[in-house]
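Notes for the structure review
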Amino acid sequence: ADSSAAQSKWQTKRQLPFPLISDPKRLLIGILGAGDGNKMKHSHFVFEKGGKLLDQRMPVKPVDSPRLALEFIKGLS
């Protein structure tokens with residue numbers, strides 16, 4: 001639900017080698033089941049090119065999310 005600027009700052013701070021999706025209107029968050037009214041569940045999703053959902057973590061602690069996503073991605077190869 002963060003803005004593109006906030007996502008970019010967090011991506012840089014965490015040195016994430018993958019893009020993040022900004023969803024300030026919570027449209028995709030709702031479709032993926034991570035929205036709960038005006039709140040959202042801490043979650044992350046890994047998609048392949050073309051849009052296929054490969055991994056979903058909900059709930060996930062923000063501090064654990066980058067490590068878990070990278071472990072998942074590295075396990076694909």
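What this report covers is the structure whose coordinates are included nearby. Values in this document were obtained by computation on a predicted structure and should not be read as measured data. Numbers given for residues are sequential positions, taken from 1 along each chain in its written order. It should be noted that, the model being predicted, local features are given only for residues of pLDDT at least 70 and side-chain atom pairs only at 80 or more, the latter also being counted only at that level, while totals for whole chains, interfaces and linings use all residues. Neither water nor hydrogens contribute to the side-chain values; these are computed over all heavy atoms in the structure.

**Considerations on the pairing of strand β4 (residues 53–57)**
When DSSP finds two or more bridges between two strands, those strands count as paired. Segments assigned H or I by DSSP are reported as helices when at least four residues long, segments assigned E as strands when at least two residues long, and all are numbered from the N terminus. As paired strands, strand β3 (residues 44–47) and β4 are joined by four bridges and run antiparallel to one another. Opposite Phe45, over in β4, you have Gln56 as the bridge partner. In textbook terms, the turn of a hairpin is the stretch between consecutive antiparallel strands, and for β3 and β4 this stretch comprises five residues, one of which, Gly50, has a positive phi near 100°.

**A few points about the pattern of salt bridges**
Salt bridge criterion: a side-chain nitrogen from Lys or Arg within 4 Å of a carboxyl oxygen from Asp or Glu. Tallying each qualifying case throughout the model produces three salt bridges. As a salt-bridge pair, Glu71 and Arg67 come within 3.3 Å of each other at their nearest N and O atoms. With Glu71 and Arg67 both in helix α3 (residues 65–76), this residue pair falls four residues apart, about one helical turn. For Glu71, a relative accessible area of 45% puts it in the partly exposed group. Where salt bridges share partners, they join Asp64, Arg67 and Glu71 into one cluster. Relative accessibility under 20% of the residue-type maximum defines a buried residue, over 50% an exposed one, and the middle range a partly exposed one, all with a 1.4 Å probe and only protein chains included.

**Structural notes on the side chain of His44**
Residue position: His44 is located in strand β3. Not counting the four nearest positions on each side in its chain, His44 is found in contact with Asp55, Gln56, Arg57, Val60, Ser65, Leu68 and Ala69. Residues count as neighbours in contact if any of their non-hydrogen atoms are within 4.5 Å of one another.

**Quick notes on the side chain of Gln7**
Counting through the fold element by element, Gln7 comes out in helix α1 (residues 4–14). Not counting residues within four places of it along the chain, the set of residues in contact with Gln7 comprises Asp2, Leu20, Ile21 and Ser22.

**Structural notes on a nonpolar patch on the surface**
By definition, no residue in a patch forms a salt bridge, and every one has over 30% relative accessible area; like charges are joined within 9 Å, nonpolar side chains (Val, Leu, Ile, Met, Phe, Trp, Tyr) within 5 Å. Here, Shrake-Rupley sampling with a 1.4 Å probe gives the accessible areas, and only protein chains in the shown set may cover a residue. Together, Ile21, Leu28, Ile31, Phe47 and Leu53 make up an exposed nonpolar region whose accessible area comes to about 450 Å². As for its position among the elements, Leu28 is in helix α2 (residues 27–31). Looking at Leu28, the relative accessible area reads 31%, which means it is partly exposed.

**Regarding unusual backbone geometry**
Excluding glycine, most residues fall at negative phi; most peptide bonds, likewise, are trans. The omega angle of the peptide bond from Met58 to Pro59 is 0°, so this bond is cis rather than trans. The topology assignment puts Pro59 in the loop between β4 and α3. One non-glycine residue, Gln15, adopts positive backbone phi at about 55°. As for its placement among the helices and strands, Gln15 is situated in the loop between α1 and α2.

By themselves, these figures tell us nothing about what the structure is for.
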